[in-house]
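Single-letter residue listing:
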Amino acid sequence: METERIPTTDEEWRHRLTPEQYEVLRRKGTERAFTGKYWDEHGDGVYRCAGCGAELFSSGTKFDSRTGWPSFWEPAIDANVELHTDSSYGMVRTEVTCARCGGHLGHVFDDGPAPTGQRYCINSCALELDPAEG
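Read on for an overview of the structure. (Residues numbered from 1 in each chain as written. Predicted model: local features only at pLDDT ≥ 70, side-chain atom pairs only at ≥ 80, totals over all residues. Heavy atoms only, no water.)

**Brief notes about the pairing of strand 7 (residues 104-109)**
Among the six residues of strand 7, five are classified as buried, and the element is accordingly described as predominantly covered. Pairing between strand 6 (residues 93-98) and strand 7: four bridges, direction antiparallel. For Val 96, the partnering residue across the bridge sits in strand 7 and is Gly 106. Taken together, strand 6 and the strand that follows it, strand 7, pair antiparallel across an intervening segment of five residues, in which Gly 102 is found at a positive phi of about 80°. Relative to strand 8 (residues 119-122), strand 7 runs antiparallel, the two sharing four bridges. Bridge pairing in strand 8 places Phe 109 opposite Arg 119. (Buried < 20%, exposed > 50% of the residue type's maximum accessible area, 1.4 Å probe, protein only. Helix = DSSP H or I, 4+ residues; strand = E, 2+ residues; numbered from the N terminus. Pairing = 2+ DSSP bridges.)

**What about the environment of Leu 25?**
Tracing the chain through its elements places Leu 25 in helix 2 (residues 19-25). When residues no more than four places from it in sequence are discounted, the contact partners of Leu 25 are Leu 17, Cys 49, Ala 50, Gly 51, Gly 102, Gly 103, His 104, Leu 105 and Ala 126. (Contact = heavy atoms within 4.5 Å.)

**What about the sheet that holds strand 4 (residues 71-72)?**
With respect to topology, six strands assemble into an open sheet ordered 3-4-8-7-6-5, the strand pairing being antiparallel. The open sheet is flanked by strand 3 (62-63) and strand 5 (81-86), the only strands paired with a single partner. Taken together, the six bridges between strand 5 and strand 6 define a ladder with antiparallel strand orientation. When the sheet's bridge partners are listed, His 84 is paired in strand 6 with Glu 95.

**A look at the sheet that holds strand 2 (residues 55-58)**
Spatially, three strands are ordered 2-1-9 in an open sheet, and the strand pairing comes out antiparallel. Looking at which strands have only one partner, the edges of the open sheet turn out to be strand 2 and strand 9 (127-131). Averaged over all pairs of adjacent strands, the angle between strand axes in this sheet comes to 35°, irrespective of strand direction. Sheet analysis places strand 1 (residues 45-49) next to strand 9, joined by five bridges and oriented antiparallel. Each residue of the ladder has a partner; that of Tyr 47, found in strand 9, is Leu 129. (Axes fitted to C-alpha atoms, helices over the stretch in contact; angles between N-to-C directions.)

Below you can see the structure in the form of structure tokens.
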């Protein structure tokens, strides 16, 4: 999959996304815990960026972090996510964005399970589940 940025205007993003998706993906917002459609999802499939469709996470790496957001211990394809230092709100965290469209996905923390020890804490509205066939 290409990792070139998708050249769209703010108006085009507002037309493409729901208001909640726009707030999270384009304005770096956060959905309230335990309100998103995927925090308690257990189906198999691929989680894609709601903004551009890039493959981001596999259901095989999803785990129950008890935080109220979908959590994964690694991306499906490392090159499809980018990590950035986020020092907003008086703390330092690592922001996770989609490498293809630049959309804000969530944050990654070093308190996840083996084998990586990482917890990619991702907003449900930034994702679309592409269910496994079968």
